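# Coordinate inspection notes
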Amino acid sequence: MKGQTLNDERTVKYSVARRFIIKLGIIAHGYGPSAARLENYLNQVTEALGYGGHFHSTRSQIIYSFWKDDKMDQILHMEMVEKGSFNMAKLARVGEVVEAVVDGGISLDDAYDILNEIEGLPNPWGVGAKAVSFLFIGVGFSGLMSGNIMDIFVSGVLALIVYINVFFAEKYGGRMYELLPFTSAYIVGFLAALFKIWLPDINTFVNIIAAIIIMIPGFTVSAGIVEIVSNHVVSGSANLIAGVIYLLKQFFGAWFGLATIGLLFSGNPVPAVASESLGLWLFLPLLFIGLGIAYQSLMRDFPWVMLCCLVSYIGVTFGNTFEIQYLGTLIGAIVANIFANLWARKTNRPTSIVLVPAITVMVSGSVGFQGLLIAATEESSRGLNQFMQLFIVALVISAGLLIANTIVRPKVTL
């Protein structure tokens, strides 16, 4: 009887399936999906393999529960994980492996080995391309904020300096990586205020925000609120708090940078300066391309990433024509998520590939960051009021995503 149990094919597959699901959860968690998406995805894959499972994901751990025939006879496994950065290329490859397993194209053992290989794959966009993405995002966002030609030039230079800081922080890790939000914002604040002395026509706020916009955790804050609303309170609260703390580190860094110049030189280096628009459609493509590269999107996904970003932006612009506060943000989030859901249904690829860059276009975090800077350097009451708008914008984006999921039911993807 014992030999029969050991040689039972279903028992062996059960063990291999658990091992594969655990590995899948660890890898996918590091590439950015929300707790709800990851849990639903693991449930779907487990059921497709013929077994049962419940999963609980937070920012720092995943709890797995498996059963084969009897739900009362479960096997528990807990894995401590770290929240990684978005990597759409590797996320897409993970989705392809899972689709092949579910369709019977590859065995679980082979799929497990492929997951290990994915972890070690080089990013599709290397150091040079990543630097260009920071430049494009800084220049593109500065142009969209109606920065004049000097604002755009300074923002591009500062964005490249931010990437240099990011490169060394990722290379050496440790304390340098922990201090990244503070140090990058400090350098940008210091240099922006210094440039202001030599170039009085530039807008310091535009320069600072455009240079670090890719690092501002607007999506993290919005995703945290979505998770809380979706009854993933632990994970949502952790993401929300992590996003706010990251934002505060950036604020204090930029503020100290501005204050350093204020101590070294007399006068106020950051007065508001009226700026001129150089043309909207000149800078939109730069911003979209930069986001696609920054999130490591595959080349075949690039047209769809840019199209979803454009849909989101048009939705925001259309909603703003009604002059109802936050309506543009709501419509932008709705149309972007509807597009992403339809695209995922058609292609069987993770929704996050096109949705995350599109939501980043709405940059709810920049509202809070700018509010903190205004509170520290100009009018405290107006600045704090604008900082609170961060949470309102994040709530509006969350509502838009939930409404879109009601209109077009999402395919269960990462």
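Analysis parameters
Residues numbered from 1 in each chain as written. Predicted model: local features only at pLDDT ≥ 70, side-chain atom pairs only at ≥ 80, totals over all residues. Heavy atoms only, no water. Axes fitted to C-alpha atoms, helices over the stretch in contact; angles between N-to-C directions. Helix = DSSP H or I, 4+ residues; strand = E, 2+ residues; numbered from the N terminus. Parallel < 35°, antiparallel > 145°, perpendicular 65-115°, else oblique. Left-handed = near helix turned anticlockwise from the far one by under 90°. Contact = heavy atoms within 4.5 Å. Nonpolar A, V, L, I, M, F, W, Y, C, P; charged D, E, K, R; others polar. Salt bridge = Lys/Arg side-chain N within 4 Å of Asp/Glu carboxyl O. Buried < 20%, exposed > 50% of the residue type's maximum accessible area, 1.4 Å probe, protein only. Expected span 1.5 Å × (residues − 1). Patch = residues over 30% accessible without salt bridge, like charges linked within 9 Å, V, L, I, M, F, W, Y side chains within 5 Å. Areas by Shrake-Rupley, 256 points an atom, 1.4 Å probe, with all protein chains shown as cover.

Moving on, we get to the packing of helix α13 (residues 280–294) against helix α14 (residues 302–320). Where α13 contacts α14, the axes come no closer than 10 Å and their chain directions differ by 130°. Between α13 and α14, the crossing angle belongs to the class labelled oblique. Between α13 and α14 lies a crossing whose hand is right-handed. Of the residues in α14, those in contact with Leu280, Trp281, Leu284, Pro285, Phe288, Ile289, Leu291, Gly292 and Ile293 of α13 are Phe302, Val305, Met306, Cys309, Leu310 and Tyr313. When its residues are assigned to classes, the contact of α13 with α14 shows 14 nonpolar, 1 polar and no charged.

With that settled, consider the pattern of salt bridges. With the rule as written, the count across this model stands at 6 salt bridges. Between Arg175 and Glu178 there is a salt bridge, and its shortest N-O distance comes to 3.4 Å. In this pair, Arg175 and Glu178 both sit in helix α8 (residues 174–178), 3 residues apart, roughly one turn of the helix. Overall, Arg175 belongs to the exposed group, its relative accessible area being 60%. Here Arg349 ties to Asp301 by a salt bridge, and the two come within 2.8 Å at their closest N and O atoms.

Right, let's get into α13. Given a rise of 1.5 Å per residue, 15 residues ought to cover 21 Å, and the 21 Å separating the end C-alpha atoms of α13 matches this to within 8%. If you check which residues of α13 are buried, you get Phe283, Leu284, Leu287, Phe288, Gly290, Leu291, Gly292, Ile293 and Ala294. For α13, the elements touching its buried residues are α6 (127–144), α7 (149–172), α14 and α16 (352–360). Phi for Gln296, located one or two positions after α13, is positive at around 60°.

On the surface, a nonpolar cluster with roughly 400 Å² of combined accessible area is contributed by Ile164, Phe168, Tyr172 and Met176. Looking at the secondary structure, you find Met176 in helix α8.

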